[in-house]
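Tertiary structure, described
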Protein chains: 2
Amino acid sequence: MPENFADRLMAAIKAKGAPVCVGIDPVYSRLPADIAEHKDLNDEFDSEAAVDAILEFGRQVIKIVAPLVPAVKINSAFFERYYWEGVEAYYELIQEASEAGLLVIGDSKRGDVGSTAEMYARSALSDPDFSNLDDMVGPDAVTVNAWAGLDGLKPFLDAAREEQKGVFVWVRASNESAAVIQDARLEDGMTVAEHLARQVAAWAADEGLTGKAGYSCLGAVVGGRNADTLHKLRAIMPQSIFLVPGFGAQGASAADIAPCFKSDGTGAIVTASRSVIYAYEDMKYVERFTSEWDKCVEAACKDFITQVKTALPAR
Amino acid sequence: MPENFADRLMAAIKAKGAPVCVGIDPVYSRLPADIAEHKDLNDEFDSEAAVDAILEFGRQVIKIVAPLVPAVKINSAFFERYYWEGVEAYYELIQEASEAGLLVIGDSKRGDVGSTAEMYARSALSDPDFSNLDDMVGPDAVTVNAWAGLDGLKPFLDAAREEQKGVFVWVRASNESAAVIQDARLEDGMTVAEHLARQVAAWAADEGLTGKAGYSCLGAVVGGRNADTLHKLRAIMPQSIFLVPGFGAQGASAADIAPCFKSDGTGAIVTASRSVIYAYEDMKYVERFTSEWDKCVEAACKDFITQVKTALPAR
């Protein structure tokens, strides 16, 4: 019987020494020359060749970061872009990351009303229930859009409870234009995001979801750089682990994300995607490693870890 | 050059004489015996056999409803449930519906921040840009989750403008538990859904999206049964066509959905899914057609059309 997801995530963070996650958002036009110029993979306009290239890149990134980080976040959009073959590659990468000992977060932000959400919970989170896919595993956790309220979330929570998996509700987006919806203020002075956070806190308190350390399998995606907002969200959702996007390419710094952590240094896992996986486009790394793209990615991942650690409260 | 999506949808509704849409949400365990007991398809626990059965059912439903309705809404969740093979079947069904002369709405409710939304807009709405998928078309319109605000919507609007397609923002869900988020009241007295509707109205007014009849390619998914809410949403979004779920199985009646229409009878398209495609489970139809499931579906589709017409203002 696997442990509660929140406990597993805490243990993995402890083992690797850093609350970080590498996001895999592969875009063909940004692939390293080694891969994009390979004779079988060098056709951006053939979806099969392109997806093979994307998959090869994802595999290599996983190999590079697996010794360094506790988790990867695989963004389904970048795979769906290649239709069913992309989706097959998405699941293949989940297997590889899982076999490499990483916790895997499927970043698919699905959300719909009850009967539809049941279907999404099956494909986006659960391990398959088909005899011909017996060896396949689903991700350890998934991001979910809770616009439809508890009905839409329930199938995901059921899967989390039954299969010891995790769910991160998308509470606050990392982009500026989200403010129009998420920072709108309610009658009682709360913002819409804070109001959603209140619901998440209530849902997260379910005993069947809570691990030994007091954290729930129901976490929250919390982006944005307003310290006041982050402090409030941290206080509203004491049992939820925050998955924090926006580090690096999207502009968030260590100081920006510090309020996502509790005073004991737990409570959040920070993700960086483009700033790590495309580090070979960054002159800072190119100057050191020239065309050895894998070394650029490794060095950027280590730098990312160092930066996040400076955000943690001194112990 | 195809026409503006809003104009195409209005023309298709006029041609078929009814503002209705059949939703295809196929579940293996509810398939007609003809299909579920077919020797090659009768294995719910083999994802390949199951998806073949689902696809066969979808094809037959399309054949039955194509002469009667202007559009179908294909729910991607029910296909994703079968992983990449399900996704392939989803796109195959889009082709078949399109070839049958139907407008096709992809109900995938994707939503994320900018760079991710670009990928979703490509796979969920655009026609493919790959040489090996040259003959394939995307859906004519897609449902989108706008939690991330305009950034996340923009790639879909760009595709709508450039490829004459449509976008329906999920403004109000049809399930009760959505009220906790969507009916929360802002400082200015608006609900969160009404506030989102205000944004949709502003975004929809873009000239490049507006058709000859004054409607925009940016529509709204509007569910729920509160007449007051529906009247308000109709007033807030004058240029948006409403895609109205919840008819039939989810309990909405003709009277419930009447406020989604303007006084000239335009402005909405009503969808029914389970009450039509599973009509052979309904004794009312079984008594008339016994095991001829296709006749049950056809009769239920005709009854659905008749019911929706009673909701339209007399002219």
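Residues numbered from 1 in each chain as written. Chains lettered and ligands numbered in written order. Predicted model: local features only at pLDDT ≥ 70, side-chain atom pairs only at ≥ 80, totals over all residues.

The next subject is the nonpolar core. Proteins that are soluble and globular tend to have nonpolar side chains buried together. Ranked by size, the top nonpolar core spans 234 residues in total, and within it Val169(A) and Val169(B) carry the most contacts. Every residue in contact with Val169(B), bar those within four places of it in the chain, is listed here: Val144(B), Ala146(B), Leu153(B), Val200(B), Leu218(B), Ala220(B) and Val221(B). (Core = buried A, V, L, I, M, F, W, Y, C linked by C-beta atoms within 7 Å. Buried ≥ 20, exposed ≤ 12 C-beta atoms within 10 Å, placed from the backbone. Contact = placed C-beta atoms within 7 Å.)

Let us look at the environment of Ala220(A). Residues and elements named next belong to chain A. Tracing the chain through its elements places Ala220 in strand E6 (residues 218-222). For the pair Ala220 and Glu48, spaced 172 residues apart in sequence, the C-alpha separation works out to 35 Å. In contact with Ala220, other than residues within four places in its own chain, are Phe168, Val169, Val171, Ala197, Val200, Met237, Ser240 and Phe242. (Helix = DSSP H or I, 4+ residues; strand = E, 2+ residues; numbered from the N terminus.)

For helix H5 (residues 83-99) of chain A, spanning 17 residues, the distance from its first C-alpha to its last is 25 Å, which sits close to the expected 24 Å at 1.5 Å a residue. All of the buried residues along H5(A) are Tyr83(A), Trp84(A), Glu85(A), Gly86(A), Val87(A), Ala89(A), Tyr90(A), Tyr91(A), Leu93(A), Ile94(A) and Ala97(A). Among the structural elements, helix H3 (47-65), strand E2 (71-75), helix H4 (77-80) and strand E3 (103-110) of chain A together with helix H5 (83-99) and helix H6 (114-124) of chain B are those in contact with the buried residues of H5(A). Taken from the residues just after H5(A), Gly101(A) is the one with a positive phi, measuring 85 degrees. (Expected span 1.5 Å × (residues − 1).)

Each partner contributes to the interface: chain B provides 51 residues, whereas chain A provides 50 residues. Sorting the residues of the side of chain B that touches chain A by element identifies helix H3 (47-65), helix H4 (77-80), H5, H6, helix H7 (150-163), helix H8 (179-182) and helix H9 (192-204) of chain B as the ones contributing at least two each. The residue makeup of the side of chain B that touches chain A, split by class, is 24 nonpolar, 15 polar and 12 charged. (Nonpolar A, V, L, I, M, F, W, Y, C, P; charged D, E, K, R; others polar.)

Each strand in a sheet pairs with its neighbour through backbone hydrogen bonds, running either in the same direction (parallel) or in the opposite one (antiparallel). Residues and elements named next belong to chain A. Strand order in the closed barrel formed by 8 strands is E1-E2-E3-E4-E5-E6-E7-E8, with parallel pairing between adjacent strands. Ignoring strand direction, the axes of neighbouring strands in this sheet form an average angle of 30 degrees. The sheet contact formed by strand E5 (residues 166-172) and E6 spans 5 bridges and is parallel. Within E6, the residue paired with Phe168 across the bridge is Gly219. This element, helix H14 (residues 293-311), spans strand E1 (20-24) and strand E8 (268-272) of the sheet and lies at about 140 degrees to E1. (Pairing = 2+ DSSP bridges. Axes fitted to C-alpha atoms, helices over the stretch in contact; angles between N-to-C directions.)

For the pair of chain copies, the relating transformation is a rotation about an axis with a translation along it. For the pair chain B and chain A, the best superposition has an RMSD of 0.0 Å and corresponds to a rotation of 180 degrees with a translation of 0.0 Å parallel to the axis. In symmetry terms, the pair is related by a two-fold rotation axis. Looking at chain B, 98% of its interface residues are interface residues in chain A too, so the copies touch through the same face. (Least-squares fit on C-alpha atoms with pLDDT ≥ 70 in both.)

All right, on to the packing of H3(A) against H14(A) then. All names here are of chain A. Here H3 crosses H14 at 50 degrees, and the two axes come no closer than 10 Å. Taken together, the axes of H3 and H14 are oblique relative to one another. By crossing handedness, the relation of H3 to H14 is classed as right-handed. From H3, Gln60, Val61, Ile64 and Val65 reach across to H14, where they touch Asp294, Val297, Glu298 and Cys301. Taken together, the residues of the contact of H3 with H14 sort by class into 5 nonpolar, 1 polar and 2 charged. (Parallel < 35°, antiparallel > 145°, perpendicular 65-115°, else oblique. Left-handed = near helix turned anticlockwise from the far one by under 90°.)

It is worth spelling out unusual backbone geometry at this point. Note: most residues except glycine have negative phi, and most peptide bonds are trans. Residues and elements named next belong to chain A. If you check the backbone angles, Tyr83 has positive phi at about 55 degrees while not being a glycine. For Tyr83, the location among the structural elements is in helix H5. In this structure Tyr83 comes out as buried when scored by C-beta crowding, with 24 C-beta atoms within 10 Å. At Lys109, a residue that is not glycine, the phi angle is positive and equals roughly 45 degrees. For Lys109, the position within the fold is in strand E3. Since 30 C-beta atoms lie within 10 Å of it, Lys109 is described here as buried.

All names here are of chain B. Buried residues dominate strand E5 (residues 166-172), accounting for 7 of its 7 residues. Direction of pairing for strand E4 (residues 141-144) relative to E5: parallel, over a ladder of 4 bridges. Across the sheet, the residue bridging to Val142 is Val167, located in E5. Between the parallel pair E4 and E5, the chain is carried across by H7, and the sense of this crossover is right-handed. (Right-handed = clockwise from strand over helix to strand, strands pointing away.)

Here E4(B) shows two buried faces, one formed by Ala141(B) and Thr143(B) and the other by Val142(B) and Val144(B). With respect to chirality, the unit in which strand E3 (residues 103-110) of chain B leads through H6(B) into the neighbouring parallel E4(B) is right-handed.

Scored by pLDDT, chain A comes out at a mean of 95, with 99% of its residues at no less than 70. For this predicted complex, the interface confidence score (ipTM) comes to 0.96, while the overall pTM stands at 0.97. (pLDDT = per-residue confidence, 0-100.)

Quick look at the sheet that holds E4(B) now. Residue and element names in this part refer to chain B. Taken in spatial order, the 8 strands close into a barrel running E1-E2-E3-E4-E5-E6-E7-E8, and their pairing is parallel. Within the sheet, the average angular offset between the axes of one strand and its neighbour, ignoring direction, is 30 degrees. By the bridge criterion, 2 bridges tie strand E6 (residues 218-222) to strand E7 (residues 242-247) in an arrangement that is parallel. Each bridged residue has a counterpart across the sheet, and for Ala220 the counterpart in E7 is Phe242.

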